[in-house]
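# Descriptive structure summary
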Amino acid sequence: MSLFRAQGLVKRFGGLLAADHVDLAVEQGEIHALIGPNGAGKSTLVNLISGLLPADAGRIVLDGVDLTPLSAQQRVRHGLARCFQIASVFRSDSVRDNLLLAVQAQAGSSFRCLRRRESERALMDAAQALAERLALTEVLDRPAGVLPHGMQKRLDVALALAARPRLLLLDEPMAGMGPEDSRQMIELIESLRGEMAILLIEHDMDAVFQLAGRISVLVNGRVLTSGDAAHVRGHAEVQSVYLGTEVPA
Ligand SMILES: Nc1ncnc2c1ncn2[C@@H]1O[C@H](COP(=O)(O)OP(=O)(O)OP(=O)(O)O)[C@@H](O)[C@H]1O
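Residues numbered from 1 in each chain as written. Predicted model: local features only at pLDDT ≥ 70, side-chain atom pairs only at ≥ 80, totals over all residues.

By the naming in an unreviewed UniProt entry, the protein is ABC transporter ATP-binding protein, taken from Pseudothauera nasutitermitis.

Below, the structure written as structure tokens:
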């Protein structure tokens, strides 16, 4: 059974069908990319999955649990976390405080049985571990808002990882990045492979083909096809949608 399934998702904006009965499955531990031309409905789909937008029809199931009626916050608690195109950090708070808040939100009642000092120590340790994993230890005391773009995006990923997701939604993690930051982000995503499933929305096709085990192509709110890189590269309709420019042969 797939870890995650979206079934028959529909979203209308007036007369526009931005999600047209979308079915999508993400398997345990896979990196699944969602690509498509501008306006295809990728952000709409991610918003439906994460719960930022209510669906007009359809279902979202994670690990056998129907998340459809749940709020975005409740979905996070059930293991579905996301990062945004624009990093959603608290800009005036330090990196450390951003991490502590995220870890604390995840921990909820689980530290309640510990004494106050022990629980503070456990939170600090968890925040420190995330900072180390995301190469943010040198900037722990800096306000998040003054970090360079690439670091803010890494912090955003760290905040999502604090929730210990089983499915992580990454919405254009490479957007606006230079080659060095992109390389680091690709390495980071690669390092998460197998630990959790990832649904990756990304315009950078080199990154997509490097990372994704499976790729779904969205066009006009519909999944045109799903398959591995070779399947998508060789798909005539995908090539015509991209006019042969963005899907490297
Ligand atoms: N809140 C909204 N109200 C009305 N129309 C919307 C809204 N959000 C998106 N749309 C429309 O829905 C369609 C899908 O948009 P969406 O942003 O999901 O596409 P996308 O694939 O993410 O595009 P991009 O790659 O440019 O980010 C577009 O035609 C867009 O104009």
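More follows now that the structure is in view.
Glancing now at the site of the ligand. Taken together, Phe-13, Leu-16, Ala-18, Gly-36, Asn-38, Gly-39, Ala-40, Gly-41, Lys-42, Ser-43 and Thr-44 make up the full set of residues adjacent to the ligand. Taken together, the elements giving at least two residues each to the shell around the ligand come down to strand S2 (16-26) and helix H1 (42-50). Looking at the shell around the ligand, the element that brings in the most residues is H1, giving three residues. Residue composition of the shell around the ligand, grouped by class: four nonpolar, six polar and one charged. (Near = placed C-beta within 6 Å. Helix = DSSP H or I, 4+ residues; strand = E, 2+ residues; numbered from the N terminus. Nonpolar A, V, L, I, M, F, W, Y, C, P; charged D, E, K, R; others polar.)

For the pair helix H3 (residues 95-107) and helix H5 (residues 149-161), the least separation of the axes is 8 Å and the interaxial angle reads 25 degrees. When the interaxial angle is binned, H3 and H5 end up roughly parallel. The interaxial crossing formed by H3 with H5 has right-handed handedness. Here Val-95, Asn-98, Leu-99 and Ala-102 of H3 come into contact with H5, specifically with Leu-155, Ala-158 and Leu-159. Looking at the contact of H3 with H5 residue by residue, the classes come out as six nonpolar, one polar and no charged. (Axes fitted to C-alpha atoms, helices over the stretch in contact; angles between N-to-C directions. Parallel < 35°, antiparallel > 145°, perpendicular 65-115°, else oblique. Left-handed = near helix turned anticlockwise from the far one by under 90°. Contact = placed C-beta atoms within 7 Å.)

Attention now moves to the sheet that holds strand S5 (residues 65-66). The strands that make up a sheet pair up through hydrogen bonds in the backbone, lying either parallel or antiparallel. Pairing within the open sheet is antiparallel, and its four strands lie in the order S2-S1-S4-S5. Each having just a single partner strand, S2 and S5 make up the two edges of the open sheet. Inspection of the sheet shows strand S1 (residues 4-13) paired to strand S4 (residues 57-62) by five bridges, in the antiparallel sense. Along S4, the bridge assignment pairs Arg-5 with Val-61. (Pairing = 2+ DSSP bridges.)

Position of Val-22 relative to the elements: it lies in strand S2. The buried category is assigned to Val-22, around which 25 C-beta atoms lie within 10 Å. The residues touching Val-22, leaving out its near neighbours within four places in the chain, are Ala-6, Leu-9, Leu-45, Arg-222 and Val-223. (Buried ≥ 20, exposed ≤ 12 C-beta atoms within 10 Å, placed from the backbone.)

As assigned here, the protein comprises domain 1 (1-79 + 165-249) and domain 2 (91-164). Placing a centre on the C-alpha atoms of domain 1 and another on those of domain 2 gives a separation of 26 Å. In this complex, domain 1 contributes ten residues to the contact, which on the side of domain 2 involves nine residues. Element by element, the count of residues in the side of domain 1 that touches domain 2 is highest for helix H6 (residues 179-192), at four residues. (Domains from an automatic or database assignment.)

The next subject is unusual backbone geometry. Unusually for a residue other than glycine, Asp-63 sits at a positive phi of about 55 degrees. Tracing the backbone through its elements, the reader meets Asp-63 in the loop between S4 and S5. Classification of Asp-63 by C-beta neighbours within 10 Å gives partly exposed; the count is 15. Phi at Arg-164 takes a positive value of approximately 50 degrees, unusual for a residue other than glycine. Secondary-structure assignment places Arg-164 in the loop between H5 and strand S7 (167-171).

We now examine the sheet that holds strand S3 (residues 31-35). The mixed open sheet is built from six strands, whose spatial order is S6-S7-S8-S3-S9-S10. Two strands close off the open sheet at either side, each with one partner strand: strand S6 (80-83) and strand S10 (222-227). With direction set aside, neighbouring strand axes in the sheet form an average angle of 20 degrees. Alignment of S7 against strand S8 (residues 197-201), held across five bridges, turns out to be parallel. The residue of S8 that forms the bridge with Leu-170 is Leu-200.

On to the pairing of S10, then. When strand S9 (residues 214-219) meets S10, the two strands line up antiparallel, connected through five bridges. Of the residues in S10, the one forming a bridge with Val-217 is Thr-225. Hairpin geometry of S9 and S10 is characterised by an intervening segment of two residues between the two adjacent antiparallel strands and by a positive phi of about 50 degrees at Asn-220.

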